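Listed below, chain by chain, are the residues.
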Amino acid sequence: MLTSQRKKLILEKLEAEGQVQSTALSIHFSVSEDTIRRDLRELAAEGRLQRVHGGALPSSSAVVPFAERKTVKMDAKKNVARKGAQLISSGQVVIIDGGTTTAELITFLPPDLQITVVTHSPSIALGLVEHPLIDVILIGGRLYKHSIVTVGAAAIEGIGNIHADLFFMGVTGIHPEAGLTTGDFEEASIKRAFSGRAAETIVLASPEKINTASSFAIGDVSLANTMVVEDDTDKAWIKAITEKGVTIVKTSDRTQE
């Protein structure tokens, strides 16, 4: 079998099963584990999968540059963002992470909502400039241009002075085993710090993030208290996530008054 054919079959198996193991692949294709590891390494370099210990997971499409991410699964992002906005109550202090899904979230905040928003995203802050009743606290630091957010020691120091009700965490991958992941080491640290300063962490789980992984771990999926998903989200994935103690909110769920 040609290498290109084997790689194609590996990707098909990964899509069907959600993960692959190097040992099992070597047996399946009757090749050495070194050969399989080389295949996985090359596929990872092409951005086709995310290597993990012993095998690989689907790679998240949410790690491409911000401008490109704005066009990925936009209808789904709007759906989970709309439901996420309904989880916010007046008077709360709400941390909003950077990202294309959270950028949609702020568009659904009603004009009579009076809250304080804390963010390290200049884009989120600017998006709320015209909102009449929302105070905005912008966390400073070094600008990470890929995601248009601040990172670094100054950002961590600023985060330490916050006690928030909610944190809307942006992630690029959500996998029951690999946990919550993102594409940058410093961003992962910022997200953990924000989560530690909020009473509840919410993840808006649009489809491109589900059952995928990126290079840097934020933490176990249980770091999130709540995940907002579309109605047709894979039931096996939902079961695995709820077993971790995470509450799943579907976009069609009625919001409690």
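Residues numbered from 1 in each chain as written. Predicted model: local features only at pLDDT ≥ 70, side-chain atom pairs only at ≥ 80, totals over all residues. Heavy atoms only, no water.

Draft legend 1. Just the overall build of the chain, in detail. Helix and strand counts for the chain stand at 10 helices and 15 strands. On C-alpha atoms alone, the chain measures out to a radius of gyration of 19 Å, which is about the 18 Å that the 2.2 N^0.38 rule sets for 257 residues. Residues classed as buried in the chain amount to 47% of the 257 residues present. In the chain, of all internal contacts separated by at least 6 residues, the share reaching a separation of at least 24 is 62%. Taken as a whole, the chain presents about 12300 Å² of accessible surface, with 51% of it coming from carbon and sulfur. Here the chain carries 27 positive and 31 negative side-chain charges, and the mean point of each set is 5 Å from the other. (Helix = DSSP H or I, 4+ residues; strand = E, 2+ residues; numbered from the N terminus. Rg over C-alpha atoms; globule rule 2.2 N^0.38 Å. Buried < 20%, exposed > 50% of the residue type's maximum accessible area, 1.4 Å probe, protein only. Contact = heavy atoms within 4.5 Å. Areas by Shrake-Rupley, 256 points an atom, 1.4 Å probe, with all protein chains shown as cover. Lys, Arg positive; Asp, Glu negative; His and termini not counted. Charge placed at Lys NZ, Arg CZ, Asp CG, Glu CD.)

Draft legend 2. Quick look at the packing of helix 2 (residues 22-29) against helix 3 (residues 33-45). Remark: helix 2 packs on helix 3, axes separated minimally by 9 Å, with the N-to-C direction vectors making an angle of 110°. Our classification of the angle between helix 2 and helix 3 gives roughly perpendicular. Crossing of helix 2 over helix 3 shows right-handed handedness. Counting all contacts with helix 2, which are made through Ser22, Thr23, Leu25, Ser26 and Phe29, the residues of helix 3 involved are Glu33, Ile36, Arg37 and Leu40. (Axes fitted to C-alpha atoms, helices over the stretch in contact; angles between N-to-C directions. Parallel < 35°, antiparallel > 145°, perpendicular 65-115°, else oblique. Left-handed = near helix turned anticlockwise from the far one by under 90°.)

Draft legend 3. Structural detail: the nonpolar core. Counting 32 residues, the largest nonpolar core has Ile95, Ile174, Leu180, Phe194, Met227, Trp237 and Ile241 as the members making the most contacts within it. Elements with a minimum of two residues in this core: strand 8 (149-151), helix 8 (153-159), strand 9 (164-169), helix 9 (185-196), strand 12 (198-204), strand 14 (226-229) and helix 10 (235-242). Discounting chain neighbours no more than four positions away, the residues touching Trp237 are Ile174, Pro176, Ala205, Ile210, Asn211, Met227, Val229 and Ile248. (Core = buried A, V, L, I, M, F, W, Y, C linked by side-chain atoms within 4.5 Å.)

Draft legend 4. Molecular detail of the packing of aromatic side chains. One pass over the full model with this rule turns up 2 aromatic pairs. With centroids separated by 5.3 Å and ring planes inclined at 40°, the aromatic side chains of Phe167 and Phe194 adopt a geometry described as tilted. Taken as a pair, Phe167 in strand 9 and Phe194 in helix 9 lie far apart in primary sequence, 27 residues in all. Accessibility classification places Phe167 together with Phe194 in one group, the buried group. Each ring, one from Phe185 and one from Phe216, has its centre 6.0 Å from the other, and the planes form 70°; the classification is edge-to-face. In this pair, Phe185 sits in helix 9 while Phe216 sits in strand 13 (residues 216-219), placing the two residues 31 residues apart along the sequence. (Phe/Tyr/Trp six-rings, centres within 6.5 Å; stacked < 30°, edge-to-face > 60°.)

Draft legend 5. Molecular detail of the sheet that holds strand 4 (residues 93-96). Taken in spatial order, the 7 strands line up as 6-5-4-9-12-14-15 in an open sheet, and their pairing is parallel. For this open sheet the edge positions go to strand 6 (135-138) and strand 15 (247-250), each flanked by a neighbour on one side alone. Sheet twist, expressed as the mean angle between neighbouring strand axes with direction ignored, is 25°. By the bridge criterion, 4 bridges tie strand 5 (residues 116-119) to strand 6 in an arrangement that is parallel. Opposite Val117, over in strand 6, you have Val136 as the bridge partner. Along the sheet, helix 10 makes contact with strand 14 and strand 15, crossing strand 15 at roughly 140°. (Pairing = 2+ DSSP bridges.)

Draft legend 6. Broad picture of the environment of Ile174. In this structure, Ile174 sits in strand 10 (residues 173-175). For Ile174 and Ala224, which are 50 residues apart along the polypeptide, the C-alpha to C-alpha distance reads 10 Å. If near-sequence neighbours (up to four positions away) are discounted, Ile174 is found in contact with Gly179, Leu180, Val203, Ala205, Lys209, Ile210, Asn211, Thr212, Val221, Met227, Trp237 and Ile241.

Draft legend 7. The arrangement of the pairing of strand 3 (residues 55-58) in detail. Where strand 1 (residues 20-21) lies against strand 3, 2 bridges are found, and the strand directions are antiparallel. Following the sheet pairing, Val20 is matched in strand 3 by Ala56. Pairing geometry for strand 2 (residues 49-52) and strand 3, over 4 bridges, is antiparallel. Directly across from Val52, in strand 3, lies its bridge partner Gly55. Here strand 2 hands over to strand 3 after 2 residues, with Gly54 in that stretch at a positive phi of 90°.

All quantities given are derived from atomic positions and should not be read as evidence of function.
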